[in-house]
Amino acid sequence: MRGQVLIIVSLLVPRLAAGQPASAQAEALFRQARELLEAGKYEEACSAFDASEKLDPAISTLVNQANCRELNQQFATAWGLFVQAQQKTVTATDPRVVQLHALAVERAAQLEPKLSKLTITVTADHRVSGMEILVGADTIDAGMWGRALPVDRGTYTISVRAPGYESWTTTVTIAAERDAKTVDVPALARGPEIARGSKRSRTVPLIIGASAVALLGGSLGFELAGRSKLRDANRATTEALHDDLYRAANHRHYMAQALAGTGIAAAGVAAWMFWRGGSTESSAIARVHGFEVEPVLTTTSSGLQLTNHF
């Protein structure tokens, strides 16, 4: 087979102009590729053919690319290139191009039974939103999942990822010829960004406890200020001054009571949360008339305020 392949290559050395001459760079690369191929340096030869085809596409270069990949035992790539050459020449009338078409058809047919294939399966219950499957650096379209795809020989790294889930990776080694491997994607584990919501933390109860201390301290301050105003009212020399100081004392007394009540309640919540082992993200979310409500502690000009975000 190797002798047959080399003979065919020798017939394809001249590039077919087909009305447009090849660039000097593409022609030089083509000739270098031919020399490397005859020297048995298939990897380098294939790279040179690829570069030549990229600079100046030609059916003869395409067929030589396919031939080189076959010699390098990259049967899936070779088969794909022969099929591509076959499709591009199917309506050809030029005798030389017709000959290339016949060669491409024959070689693709010879290669197809030798192809190795890889199947990546994902059952319906293992599929999640945003899931991506990569073979090496190439993303595999979801339409290809569960299908046997021709692949070249080699060891492949298969990675599966999805938002909110831990990535899963495995490797599979494919033989050059008539190998068939299947990779079953398991259920992905929840990622840290989701799992951490269920981990208990003592940060929240400590913050609430500190807020409770601040509220009780503010309450004591207002109470002392109110008593001072009340003493001043009792010593007032006029009735108007007495009334103003008395109202100020009452205002401070009421503020002290409000802060004390809030502080005691906050202290109770902090103690309860600390005693039960911290807080969870889910415990901080309640439902009101079917809507999720998350309490948020904010600071206002009159003290701390507990608000709800819907």
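Rules and cut-offs
Residues numbered from 1 in each chain as written. Predicted model: local features only at pLDDT ≥ 70, side-chain atom pairs only at ≥ 80, totals over all residues. Heavy atoms only, no water. Helix = DSSP H or I, 4+ residues; strand = E, 2+ residues; numbered from the N terminus. Contact = heavy atoms within 4.5 Å. Areas by Shrake-Rupley, 256 points an atom, 1.4 Å probe, with all protein chains shown as cover. Disulfide = S-S within 2.5 Å. Buried < 20%, exposed > 50% of the residue type's maximum accessible area, 1.4 Å probe, protein only. Pairing = 2+ DSSP bridges. Axes fitted to C-alpha atoms, helices over the stretch in contact; angles between N-to-C directions. Core = buried A, V, L, I, M, F, W, Y, C linked by side-chain atoms within 4.5 Å. pLDDT = per-residue confidence, 0-100. Salt bridge = Lys/Arg side-chain N within 4 Å of Asp/Glu carboxyl O. Polar contact = N/O pair within 3.5 Å; in protein donor to acceptor, adjacent residues only side chain to side chain. Phe/Tyr/Trp six-rings, centres within 6.5 Å; stacked < 30°, edge-to-face > 60°. Lys NZ or Arg CZ within 6 Å of the ring centre and 35° of its normal.

S.K.: Which residues make up the overall build of the protein, and what are the values?
M.R.: A tally of helices and strands in the protein yields nine helices and ten strands. Considering only residue pairs separated by 6 or more positions, the protein has 60% of its internal contacts joining residues 24 or more positions apart. Split by element, the accessible area of the protein, about 18300 Å² in all, is 56% carbon and sulfur.

S.K.: A description of the state of the cysteines should follow, citing residues and the corresponding values.
M.R.: Following the criterion strictly, the structure yields one disulfide and no others. In this model, Cys46 is linked to Cys68 through a disulfide, with the two sulfur atoms separated by 2.3 Å. Between Cys46 and Cys68 the disulfide shows an S-S torsion of about -110°. By sign, it is left-handed. Linking Cys46 in helix H3 (residues 42-55) with Cys68 in helix H4 (residues 59-71), this pair joins segments that are 22 residues apart in sequence. Here Cys46 and Cys68 have matching classes, each one buried.

S.K.: Could you give an account of unusual backbone geometry, with specific residues and numbers?
M.R.: Look at Gln73: it is not a glycine, yet its phi comes out positive at around 60°. For Gln73, the location among the structural elements is in the loop between H4 and helix H5 (75-88). Residue Gln73 is classed as partly exposed on the basis of its relative accessible area of 39%.

S.K.: So what about the sheet that holds strand S1 (residues 116-121)? Which residues, and what values?
M.R.: What the three strands build is an open sheet, ordered S4-S1-S7; its pairing is mixed. A single partner strand is all that each edge strand has here, and the edge strands are strand S4 (148-151) and strand S7 (180-184). When strand polarity is set aside, the average angle formed by the axes of neighbouring strands in this sheet is 30°.

S.K.: Now, about the nonpolar core: what can you tell me, with residues and values included?
M.R.: With 18 residues, the main nonpolar core has Leu118, Ile120, Met131, Ile133 and Ile158 as its most contacted residues. Mapped onto this core, the elements with two or more residues apiece are S1, strand S2 (132-135), strand S5 (154-161) and strand S6 (168-174). With near-sequence residues (within four places) excluded, Leu118 lies in contact with Arg147, Ala148, Leu149, Val151, Ile158, Val172, Ile174, Lys181 and Val183. If you look at the next biggest cluster of nonpolar residues, it comprises 16 residues, including Leu62, Ala66, Leu111 and Leu115.

S.K.: With reference to specific residues and values, describe the confidence of the model for the protein.
M.R.: Averaged over every residue, the pLDDT of the protein is 80; the share at 70 or more is 79%. In this model, residues 194-199 is a region of pLDDT below 50 whose contacts with residues beyond four sequence positions or in other chains number six contacts. Scored below 50 in pLDDT, residues 278-310 shows 55 contacts in the model against residues more than four places distant or in partner chains.

S.K.: Explain the pattern of salt bridges to me, using residue names and the numbers behind them.
M.R.: Going through the model one piece at a time under the given rule, you end up with nine salt bridges. Salt-bridge contacts for Glu177 lead to Arg178; the nearest nitrogen and oxygen are separated by 2.3 Å. Assessed through its relative accessible area of 54%, Arg178 is described here as exposed. The closest approach of N and O atoms between Asp179 and Lys181, which form a salt bridge, is 3.5 Å.

S.K.: Go over the pairing of S5, please, and point to the residues and values.
M.R.: Across four bridges, the pairing between S2 and S5 is antiparallel. Bridge pairing links Glu132 to Arg161 in S5. Remark: six residues form the turn of the hairpin made by S5 and S6, two consecutive strands paired antiparallel; Gly164 in that turn has positive phi of roughly 85°.

S.K.: So what about the sheet that holds S6? Which residues, and what values?
M.R.: Reading across from one edge, S3-S2-S5-S6 is the order of the four strands in this open sheet, with antiparallel pairing throughout. Edge strands, defined here as strands with exactly one partner in the open sheet, are strand S3 (138-140) and S6. Averaged over all pairs of adjacent strands, the angle between strand axes in this sheet comes to 30°, irrespective of strand direction. With seven bridges joining them, S5 and S6 adopt antiparallel strand pairing. Each bridged residue has a counterpart across the sheet, and for Thr155 the counterpart in S6 is Thr173.

S.K.: Residue-level account of the environment of Asp184, with values.
M.R.: Considering the arrangement of structural elements, one finds Asp184 in strand S7. Along the primary structure Asp184 and Thr123 are separated by 61 residues, whereas in three dimensions their C-alpha atoms are 8.3 Å apart. The residues touching Asp184, leaving out its near neighbours within four places in the chain, are Thr121 and Trp168. Of the polar contacts made by the side chain of Asp184, one reaches the side chain of Thr121; its length is 2.4 Å.

S.K.: Pulling in residues and values, what's your account of the packing of aromatic side chains?
M.R.: Following the criterion strictly, the structure yields one aromatic pair and no others. Ring centres of Phe30 and Phe49 lie 5.6 Å apart, and the angle between their planes is 70°; on these two criteria the pair is classed as edge-to-face. Of this pair, Phe30 sits in helix H2 (residues 24-38) while Phe49 sits in helix H3, and the two are 19 residues apart along the sequence. Like Phe30, the residue Phe49 is buried in the burial classification. In this arrangement the basic side chain of Lys114 is found over the ring face of Phe75, its NZ or CZ atom lying 4.3 Å from the centre.

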